[in-house]
Amino acid sequence: MRLLTHRSLAIALVAASAAGTVACPSAQKQTFITPPPQAHAPAITEASKGPTTPQANTETRNAAPKPQATPTTAAATKSDPVADLIARAEKEYQGGLESYRAGNMEAAKKSFDSAVHLLLNADPSLRPDDRLDNELDHIMEGVNGLDLLTSQEAEGSGPPQKSEPAPIDEVNEVTPPVDANVKAKAEAEIKSTKSDLPLMMTDQVAGYINFFSNRGRGTLERALARSGRYEDMIRSILKEEGVPQDLMYLAQAESGFHPLAVSRVGARGMWQFMGSRARGYGLHRDFWVDDRQDPEKATHAAARHLKDLYHQFGDWYLAMAAYNSGPGTVQSAVKRTGYADFWELYRRNVLPRETRNYVPIIVAVTIMAKNPEQYGLDDVNRDKPIPYDTMKIDYPIDLRLVAQCIDASIAEVQDLNPSLLRLITPKDRPYDLRLPAGSKDRFLTAVELIPADKRMWWRFHTVQPGETLASLSRAYRMPIKSISAANDVEDGSLETGSKVVIPFAPSKNIDTGVYARRITRYRVHSGDTVQSVADNFGVSVRMLRGWNHLKGDSLAGRKYLYLHLPVAPGTSGTQVASKRSHTTKTAAKTASDAPGAASSGALIHHKVKPGDTLYSIATAYNTTVAALQRDNRNTSILKPGMILVVHAAR
């Protein structure tokens, strides 16, 4: 789905962190205070009513995105063209949101397009002002989660990309009722529950036990199933870092143990770090990699952060609360009341609502997870840990080629490398590539056949019975001599089952019409040109110019470029480009990455022409209508410009 018009960008998630944005907790500075003596936690029934004082300059992960601040005085407004431009863009953006809520997708997209257009085409003298970039980030963050696909665009465009929502967002909005029977049962069980965290039963904890036993049961069961894959690793790291091992249930409540979980405000990964806090604990984040999505690295960072918070507050409940809302927020509440006790702060209503719910949610999840039989969870099938090999590589390589080297699916390789934001490993630094256990030697043997500087582009093809150099030349639309030279073969015969190198040139391996729905923001460096950036990211010059309203090759005056990353057809988080974004004159043909595709021949992208039918396309490629319907969604109505995936038979 494309968010903007044919001249603009698609639905966006800008991989950027604005100054002052909080980490998993807030990134605000705080002055250490010594907590008052621990008070006995009161038995809590109904939260008392009282004012909640917002913390100055403090945000939480659950806060809605805020527009870029602009001067408020009349004099400042008149004399500040940047503020004027931001106000115009913000007005368009807000108008788009109103149209979206009213169900008018076309009007919403037009308004969003106008907002982005205003900022991208600002006068060159205004572009150095960081406020423009911050406003653009704000707009794109807000639009990212909106499904703006119209019914017309949905036909043939492929499934929309869906981020894995962080469970904490949904659960935190609920204040469940207390069931007296549930509470009594839980109070009895908690006495025999062994945990290295303090477990306390209150009405709020009992309410969430009731919630996860009913409405939220599916969320809890899915998280427990996924926990089997990561539990041993998490407990080992928490023990190594010297913190309670049952803190693993914080990750269960936050993300359901999903490495790709993203909250509505951009907290990311299994431990839901915001960008600034992640950097503070050594998690690297750029346009290639986001370590917040690496389960092992993020667990180390979370453990260290929680340990720091415990040392600051002397209480694990307060440490959890600070993990959610920021140490500054909790510290201020302790200062105001004189109590370094979470339940007392809860009773006095001096913490944000989502933080007041946060700790009871984690305690409830911990109690239920440690007593599966009592809560009917003993029949949940836990995932098994997935072993893998790790090798450090110092060259960029496309994960589709990695999968071909080891006869695995692209999904398997991506699953083992969740921190990668794209299908290519970093170009400017080493990367620890994870491979299915036992496949390292096979990978090394296969990848040696391809020059290091060609591993972003070249592919393997598994030879099928009857295939020759001539047939591969026709299938991949490249000279026989190119294939022959890359494989050091002279005659036309090929051994069935062998791997043949297909030496794609960069210009032949792009513009297939398959791009990530989200966009990547690239900071322009000295010496960059349109051509060099296009080459680095594997997109065409024409597409890069169109996305950024560029005419020539110069990037003078540009601080950032926005682009969609090319991705494998059929993989999660991709879309097949619509008619207006597909710019090639002929369909590109590439070797298939899908399991079993090798037996059905080359994977072809067919661009629908006027008069095409499923039957005529199937006949042309010696396949069946059923196969086309299986491999493509929304084929009931074919329209010129649509891209169909075809496994051409041999």
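Going by the structure above, here's the rest.
Criteria and cut-off values
Residues numbered from 1 in each chain as written. Predicted model: local features only at pLDDT ≥ 70, side-chain atom pairs only at ≥ 80, totals over all residues. Heavy atoms only, no water. Helix = DSSP H or I, 4+ residues; strand = E, 2+ residues; numbered from the N terminus. Buried < 20%, exposed > 50% of the residue type's maximum accessible area, 1.4 Å probe, protein only. Contact = heavy atoms within 4.5 Å. Areas by Shrake-Rupley, 256 points an atom, 1.4 Å probe, with all protein chains shown as cover. Axes fitted to C-alpha atoms, helices over the stretch in contact; angles between N-to-C directions. Parallel < 35°, antiparallel > 145°, perpendicular 65-115°, else oblique. Left-handed = near helix turned anticlockwise from the far one by under 90°. Nonpolar A, V, L, I, M, F, W, Y, C, P; charged D, E, K, R; others polar. Core = buried A, V, L, I, M, F, W, Y, C linked by side-chain atoms within 4.5 Å. Salt bridge = Lys/Arg side-chain N within 4 Å of Asp/Glu carboxyl O. Phe/Tyr/Trp six-rings, centres within 6.5 Å; stacked < 30°, edge-to-face > 60°.

## Quick notes on the overall build of the chain
Here is step 1 of the chain: A tally of helices and strands in the chain yields 25 helices and twelve strands.
Here is step 2 of the chain: Relative to its full complement of 650 residues, the chain shows a buried share of 56%.
Here is step 3 of the chain: Residue pairs in contact within the chain that sit at least 24 positions apart in sequence constitute 73% of those at least 6 positions apart.
Here is step 4 of the chain: With the model as given, the accessible surface of the chain reaches about 28,100 Å², and the carbon-plus-sulfur share is 51%.

## Some remarks on the packing of helix 10 (residues 248–255) against helix 16 (residues 353–369)
Here is step 1 of the chain: Between helix 10 and helix 16, whose axes approach to 9 Å, the crossing angle comes to 115 degrees. As judged from the angle between their axes, helix 10 and helix 16 are roughly perpendicular. Crossing angle aside, the handedness with which helix 10 passes helix 16 is right-handed. Along its contact with helix 10, which presents Tyr249, Leu250, Gln252, Ala253 and Glu254, the element helix 16 presents Tyr358, Ile361, Ile362, Val365, Thr366 and Ala369.
Here is step 2 of the chain: Residue composition of the contact of helix 10 with helix 16, grouped by class: eight nonpolar, two polar and one charged.

## Focus: the environment of Ile406
Here is step 1 of the chain: Its location among the elements puts Ile406 in the loop between helix 17 (399–405) and helix 18 (410–416).
Here is step 2 of the chain: Distance from Ile406 to Pro436, taken between C-alpha atoms, is 8.6 Å for residues 30 residues apart in sequence.
Here is step 3 of the chain: Residues within four places of Ile406 in sequence aside, it is in contact with Val413, Leu435, Pro436, Ser439, Arg442 and Phe443.

## Section: the nonpolar core
Here is step 1 of the chain: Formed by 75 residues in total, the largest nonpolar core has its most connected members in Ile209, Phe212, Ile234, Trp271, Met320, Tyr323 and Phe342.
Here is step 2 of the chain: Broken down by element, the residue count for this core peaks at ten residues, all from helix 16.
Here is step 3 of the chain: Discounting residues that sit within four places of it in the chain, Met320 has contacts with Leu197, Leu247, Leu250, Tyr358, Val359 and Ile362.
Here is step 4 of the chain: Core analysis: the next-biggest nonpolar cluster, separate from the first, contains 30 residues, Ile397, Ala403, Ala446 and Val447 among them.

## Some remarks on the pattern of salt bridges
Here is step 1 of the chain: Taken as a whole, this structure holds 20 salt bridges when the rule is applied.
Here is step 2 of the chain: In this structure, the salt-bridge partner of Asp203 is Lys183, at a minimum N-O distance of 2.4 Å. In this pair, Asp203 sits in helix 8 (residues 203–213) while Lys183 sits in helix 7 (residues 180–190), placing the two residues 20 residues apart along the sequence.
Here is step 3 of the chain: Arg235 serves as the salt-bridge partner of Glu231, at 3.0 Å between the closest nitrogen and oxygen. Placement of both Glu231 and Arg235 in helix 9 (residues 217–241) is noted, with a separation of four residues, approximately one turn of the helix.
Here is step 4 of the chain: When salt bridges with common partners are traced through the structure, they connect Glu231, Arg235, Asp246 and Lys370 into a single cluster.

## Overview of the packing of aromatic side chains
Here is step 1 of the chain: One pass over the full model with this rule turns up nine aromatic pairs.
Here is step 2 of the chain: When the ring of Tyr310 is compared with that of Trp316, the centres are 4.3 Å apart and the planes differ by 15 degrees; the resulting orientation is stacked.
Here is step 3 of the chain: Ring geometry for Tyr317 against Trp343: centres 5.7 Å apart, planes inclined by 85 degrees, an arrangement best described as edge-to-face. Placement of Tyr317 in helix 13 (residues 316–325) and of Trp343 in helix 15 (residues 342–347) is noted, with a sequence separation of 26 residues between them.

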